[in-house]
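Notes for the structure review
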Amino acid sequence: MIADIDVRHVLPAIRVPTLIIHNAGDRNVPVEHGRYMAERIPGAKYVELPGIDHIPFVGNIGARIAALAKGGEVLVSNTVKDLVAGSGLTFEDRGYHTLKGLPGESRLFAVK
């Protein structure tokens, strides 16, 4: 049913900060769909990550971050921290880490 929903006509009317994250090798939705949305939403930011999972924070990218967590700890990237702003969640900085498959260093946080 979700696949039948067509929102293309409303994309130009979106007037809120929009972040579109898409895995380059997404096996469910072609990467061109994410790019299309970002091109048509005014001011949208598009981030394309390496990976094949449909949900960018699950699988190969999520596993690398989870592997760095200590027992009972939940680690998240700076992106996830920013996405939940205003939720009331608090975080403790765990510094910068090099994650295989991602360029540069990623700043990680532990959920308190």
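Residues numbered from 1 in each chain as written. Predicted model: local features only at pLDDT ≥ 70, side-chain atom pairs only at ≥ 80, totals over all residues. Heavy atoms only, no water.

1. Topic: the sheet that holds strand β5 (residues 105-111)
- Reading across the sheet, the 3 strands line up as β3-β5-β4 and stay open at both edges, with antiparallel pairing between neighbours. Looking at strand neighbours, the two that pair on one side only are β3 (75-77) and β4 (91-98), the edges of this open sheet. This sheet shows a mean twist of 35° between the axes of neighbouring strands, independent of strand direction.
- Inspection of the sheet shows β3 paired to β5 by 3 bridges, in the antiparallel sense. The residue of β5 that forms the bridge with S77 is L108. (Pairing = 2+ DSSP bridges. Helix = DSSP H or I, 4+ residues; strand = E, 2+ residues; numbered from the N terminus. Axes fitted to C-alpha atoms, helices over the stretch in contact; angles between N-to-C directions.)

2. Remarks on the pairing of strand β1 (residues 19-23)
- Sheet topology note: the β1/strand β2 (residues 45-49) ladder contains 5 bridges and is parallel. Looking at the pairing, I20 lines up with Y46 of β2.
- Read as a crossover between parallel neighbours, the route from β1 over helix α1 (residues 31-40) to β2 is right-handed. (Right-handed = clockwise from strand over helix to strand, strands pointing away.)

3. Examining the side chain of H22
- One can find H22 in strand β1.
- A polar side-chain atom of H22 sits 3.0 Å from the main-chain carbonyl oxygen of V29. (Polar contact = N/O pair within 3.5 Å; in protein donor to acceptor, adjacent residues only side chain to side chain.)

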